[in-house]
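Chain by chain, the residues run as shown.
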Amino acid sequence: MKTFKKFLGGLLLLAIIVLFLVVWTALPWQGVVGLAIALAVWMVATRRGRQTWQVTRVGLSTLAQRLGSSSVVVVGIAGVVGVLVAMLAMSEGFAETLRASGNDHTAIVLRGGSQAELNSVLDRDSANVVMQAPGVKKGASGRPIASGELVVVADLPRKGDPNSDSNVPIRGVSDDVWALRDNVKIIAGRKFTPGLRELIVGKGAAGQFAGLEVGKSLRLAGQTWTVVGEFESHDSLESELWGDTQSVASAYRRGSSVQSVTVLLESSKAFDAFKASLAADPRLKVDVSTTQAYFSKQSEALTKTLRIVGITVGIIMAIGAVFGALNTMFAAIQARAREIATLRAIGFRGIPVVVSVMLETMLLALLGGIIGAGIVWLIFHNYTASTLGANFSQVVFQFQVGPALLWTGLKWALAIGFIGGLFPALRAARVPVTTALREL
Amino acid sequence: MKYFHLIWAALFRRKARTFFTLVSILAAFLLFGMLDATRSAFDSGGSVIGVDRLITTSRYSIIQSLPVSLGTQIKAIPGVKDVGASNWFGGIYQDPKNFVLSFAVSDNYFDIYHEIQLAPEQRKAYENTRTGAIVGEALAKRFGWKLGDKIPLQSTIFPQRNGDKTWPFDIVGIYTAAPGAANGTDQQFFFHHKYFEDANAFQSIGTTVGWYVIRLNSANDADRVAKAVDALSANSDHETKTQTEQAFNASFAKQIGDIGLIVTAIMGAVFFTLILLTGNTMAQAVRERTSELAVLKTIGFSSHSVLYMVLAESVLLLVIGGVIGLALAGVIVPIVAKGSGGMLNLPPVGTQTWLLGLVLMLVIGAIVGALPALRAMRLNIVDALAGR
């Protein structure tokens, strides 16, 4: 009967933990603040609460004596939160860079089944048909605002590593690109001159790869090109070098064909009509998507992989940290066993003891979470990295350690603290007073 | 060894504490096993089979092709045993998610990549079938392909002459990768360059190849031959860059990102925490047993035996947890690889990982045991027994 009761108790505890984790994951920050306020009110207003506060104070004041073992909780949790936040920041940064590259009022047209610009080819006639389709916004001169573009890849060394090769995308764009992508701003030098072998470089590319300063020249496809300007757009286009479509096409012997056509739509509502008219045109076999859909799709796979890896690594590390916390807190309540027993002998009930031990663990956990998230924020916020993107070329992106991620990190820390504190707390409240007092 | 039962008893003196510490160690080494598998999945530069191979690509970019005529010129360079050509096909099977590493290759390709092991009759069948394809064992398993299957592969780049982007292939051979081959070797799909040229909508493709692979008579000639190959096209409109296969692979893996660095950083954080955690456990264990250790010394154990016993205890703790953790990684990694549907091509936890893991266990065990062990050794019997 006794073992059965014990078993039931264990089951109940497990259910509580699972329930806590489920609720905790779903809880928005307002809920957590509410909980904290409720706890504070309880501790001030009720007798039990005031007892809890007293017990907690005693626990915290003896913390200095247990500095070594308490730091295990703090450092362990800092490690979990740090790794988790860093991985998620990478995933978030990459997704954000590509998300910013697209919007719902520009559309990109590729040859059917191409998936990425690098694989696509559209001949001049098809490109013209696309530009004249209904729904495309016309400029002042009555010409459609559209850009027939080429993307080729050049091998350039990374900064500080002259022997490395990185596939850097070079995009040939047409004159209308400035109206089409109005977020692109020249921050140094000037725009390239159509017809000349001139390039402007994105800020990201200029930061990552060597020899792209304004005024420098570089060899592409056996010809010498000059960098005449640097631009900024806060999206994945910043990883690119831009030149005039005709010049790039002649250098890479592409004739009059282009790889993609990007058009400015009259409004986001015009997309469906635009797509339908191209689909109905027997001369064309193309894929049409908004730039938003196109770029989001490119980030999908990598973002998902990074998230899964980050969370898996986080969970395994969290298991390690939970057991580390358990160890520390069991040792802590054991060191204070007589003190806790004395409190209970003079009339303190179980609840204050349980809550105080848990509060202590969760405070240590919170400290760990803040340290871990803080270190990652200091090192990695806006840290620039690059990887291979869909066009078989480098996409430069920045780690994004935003408030939402920091909050996720803290929530993980508190959850670890909760589980790591629960068992020792129950043990502290359960040991028979007489046994504890008699122990040496 | 005669003290083993004593060490064992000391280790499990407090079962709960030892158990908690073991789980933490286990988690750390499980992570180590899994991450090391990930790292080696991206680290294909380590294969020794390819030391006598060079890769010649366009100097300006991997997407630019090279003229067919260059092949004969390369072959004439002394020290070159054979020259093969390859072209990227960019194939997908049925769904864009099912990307297939597919190449149109010259017929001598399999002599150059001798780690691709194909039964002679299958090789013969391949030579006699225009649309024949040879696929790796792992790839065939991933899509359930069998010998004799007719499969359509869609190219993201090349349409056929009739405008259709779906190319039909006959699977005539399934190869295995020789031991020691680069990771992922058995995930590839090869077919005739001739078929690729003839049926391609881009007729100019017949005069170009994507890149050349060169097999050398001796790996020592690599530098000289590489220079000679690049000299052939110097100052032309198709300048080349020739490098060893290892250098080529390494630079490619680096483009994806420095996986090694990320893994090392994570493991650094994990092991730092682990040292602190087990160090704390050991310190507690020794502090608690002060009087027992004093008794041991009183009945004649030398200070050094006590030192070694405490050290052995911490190393044993690490080794038990670590071995279970790595074994668990050995079970989980294949499951993850299988669950990803062949997308994530993780090698099983290998000897190298085990060796590195064992070294780490011993080193960390010694580090965390050192301070408590020294403390135990220096114990003054009288003070310790008196509880001072």
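In this text, all values refer to a predicted model and were calculated from it rather than measured experimentally. (Residues numbered from 1 in each chain as written. Chains lettered and ligands numbered in written order. Predicted model: local features only at pLDDT ≥ 70, side-chain atom pairs only at ≥ 80, totals over all residues.)

## Side note on the overall build of chain A
- Within chain A one finds 14 helices and 12 strands.
- What you see for chain A is a C-alpha radius of gyration of 31 Å, clearly larger than the 22 Å of a compact globule of 440 residues, by over 25%.
- Principal-axis analysis of the C-alpha atoms gives chain A an extent of 95 × 50 × 40 Å.
- Taking the intrachain contacts of chain A between residues at least 6 apart in sequence as the baseline, contacts between residues at least 24 apart amount to 83%. (Helix = DSSP H or I, 4+ residues; strand = E, 2+ residues; numbered from the N terminus. Rg over C-alpha atoms; globule rule 2.2 N^0.38 Å. Contact = placed C-beta atoms within 7 Å.)

## Digging into the overall build of chain B
- On a plain count of helices and strands, chain B comes out with 14 helices and 13 strands.
- By the compact-globule yardstick of 21 Å for 388 residues, chain B is too spread out, its C-alpha radius of gyration being 29 Å.
- Considered along the principal axes of its C-alpha atoms, chain B spans approximately 95 × 45 × 35 Å.
- Within the span of chain B, comprising 388 residues, buried residues form 41% of the whole.
- Restricting the contact set of chain B to residue pairs at least 6 apart, pairs at least 24 apart contribute 81%. (Buried ≥ 20, exposed ≤ 12 C-beta atoms within 10 Å, placed from the backbone.)

## Section: the interface of chain B and chain A
- Contacts between the two partners involve 37 residues from chain B, matched on the other side by 40 residues from chain A.
- At the level of elements, helix H2 (15–42), helix H9 (245–256) and helix H10 (259–288) of chain B are the ones that each hand at least two residues to the side of chain B that touches chain A.
- Across the side of chain B that touches chain A, the residue classes break down as 19 nonpolar, 13 polar and 5 charged. (Nonpolar A, V, L, I, M, F, W, Y, C, P; charged D, E, K, R; others polar.)

## Points about helix H11 (residues 290–298) of chain B
All names here are of chain B.
- Among all positions in H11, only Leu293, Ala294, Leu296 and Lys297 are buried. Down the axis of H11, the buried set is contained in an arc of 155 degrees. They therefore lie on one face.
- Looking one or two places after H11, you find glycine 300, whose phi comes out positive at around 115 degrees. (Arc of directions from axis to C-beta.)

## With respect to the nonpolar core
- Counting residues in each nonpolar core, the largest one holds 179 residues, and the members touching the most others are Ile77, Val80, Val85, Met317 and Ile416 of chain A together with Leu31 of chain B.
- Those residues in contact with valine 85 of chain A that sit more than four places away from it in its chain are Gly372, Ala373, Val376, Val401, Leu405, Leu406 and Gly409 of chain A.
- Counting residues in each nonpolar core, the second largest holds 50 residues, with Val135, Ile157, Val229 and Phe248 of chain B among its members. (Core = buried A, V, L, I, M, F, W, Y, C linked by C-beta atoms within 7 Å.)

## A few points about unusual backbone geometry
- The phi angle at asparagine 382 of chain A is positive, at roughly 65 degrees, despite the residue not being glycine.
- Along the polypeptide, asparagine 382 of chain A turns up in the loop between helix H12 (350–380) and strand E11 (384–388).
- At glutamine 94 of chain B, a position not held by glycine, the phi torsion is positive, near 65 degrees.
- The topology assignment puts glutamine 94 of chain B in the loop between strand E4 (91–92) and strand E5 (99–105).
- The class of glutamine 94 of chain B is exposed, set by 12 C-beta atoms lying within 10 Å.

## A short note on the pairing of strand E12 (residues 211–216) of chain B
All names here are of chain B.
- Buried residues dominate E12, accounting for 5 of its 6 residues.
- Both strand E1 (residues 53–58) and E12 contribute to a ladder of 4 bridges, which runs antiparallel. By the bridge assignment for E12, isoleucine 55 is matched with valine 213.
- Pairing geometry for strand E3 (residues 80–88) and E12, over 6 bridges, is antiparallel. Bridging from a neighbouring strand, aspartate 82 pairs with arginine 215 of E12. (Pairing = 2+ DSSP bridges.)

## Observations concerning the packing of helix H4 (residues 67–101) of chain A against H12 of chain A
All names here are of chain A.
- Two elements in contact, H4 and H12, have axes whose closest approach is 7 Å; the angle formed by their N-to-C orientations is 40 degrees. In this view, H4 runs oblique relative to H12, as classed from their interaxial angle. Where H4 crosses over H12, the two elements pack in a sense that is right-handed.
- The residue inventory of the contact of H4 with H12, partitioned by class, reads 18 nonpolar, 8 polar and no charged. (Axes fitted to C-alpha atoms, helices over the stretch in contact; angles between N-to-C directions. Parallel < 35°, antiparallel > 145°, perpendicular 65-115°, else oblique. Left-handed = near helix turned anticlockwise from the far one by under 90°.)

## Considering the confidence of the model for chain B
- The predicted model of chain B averages 86 in pLDDT, with 96% of residues at 70 or higher.
- Listed scores for the predicted complex are pTM 0.84 and ipTM 0.81. (pLDDT = per-residue confidence, 0-100.)

## Some details on the pairing of strand E9 (residues 166–177) of chain B
Residue and element names in this part refer to chain B.
- Two strands pair when backbone bridges link them, and strand E6 (residues 116–117) and E9 are joined in this way by 2 bridges, in the antiparallel orientation. Looking across to E9, one finds that isoleucine 116 is bridged to alanine 177.
- Summarising the sheet, strand E7 (residues 132–136) and E9 pair through 5 bridges and their orientation is parallel. In the strand pairing of E9, valine 135 is matched with isoleucine 174.
- Note: strand E8 (residues 150–155) against E9, 5 bridges, orientation antiparallel. Looking at E9, one finds that glutamine 154 is bridged to threonine 166.

## Digging into the environment of isoleucine 108 of chain A
Residues and elements named next belong to chain A.
- Inspection of the secondary structure assignment puts isoleucine 108 in strand E1 (residues 106–111).
- In this structure, the C-alpha to C-alpha distance between isoleucine 108 and valine 433, residues 325 residues apart in sequence, is 75 Å.
- Not counting the four nearest positions on each side in its chain, isoleucine 108 is found in contact with Ser260, Thr262, Ser289, Thr291 and Tyr294.

## Overview of the packing of H4 of chain A against helix H10 (residues 291–335) of chain A
Residues and elements named next belong to chain A.
- The contact between H4 and H10 brings their axes to 8 Å, and the two run at 175 degrees. By the angle class used here, H4 and H10 are roughly antiparallel.
- Partitioned by chemical class, the residues of the contact of H4 with H10 number 23 nonpolar, 15 polar and 2 charged.

## Quick notes on the environment of alanine 373 of chain A
Residue and element names in this part refer to chain A.
- Locating alanine 373 in the fold gives a position in helix H12.
- Residue class for alanine 373 comes out buried when judged on the 25 C-beta atoms lying within 10 Å of it.
- Sequence-wise, alanine 373 and valine 81 are 292 residues apart; in three dimensions their C-alpha atoms are separated by 6.1 Å.

## Considering the environment of isoleucine 320 of chain B
Residues and elements named next belong to chain B.
- Here isoleucine 320 shows up in helix H12 (residues 303–339).
- Classification of isoleucine 320 as partly exposed rests on a count of 17 C-beta atoms within 10 Å.
- A sequence separation of 76 residues divides isoleucine 320 from threonine 244, and the C-alpha atoms of the two residues are 43 Å apart.

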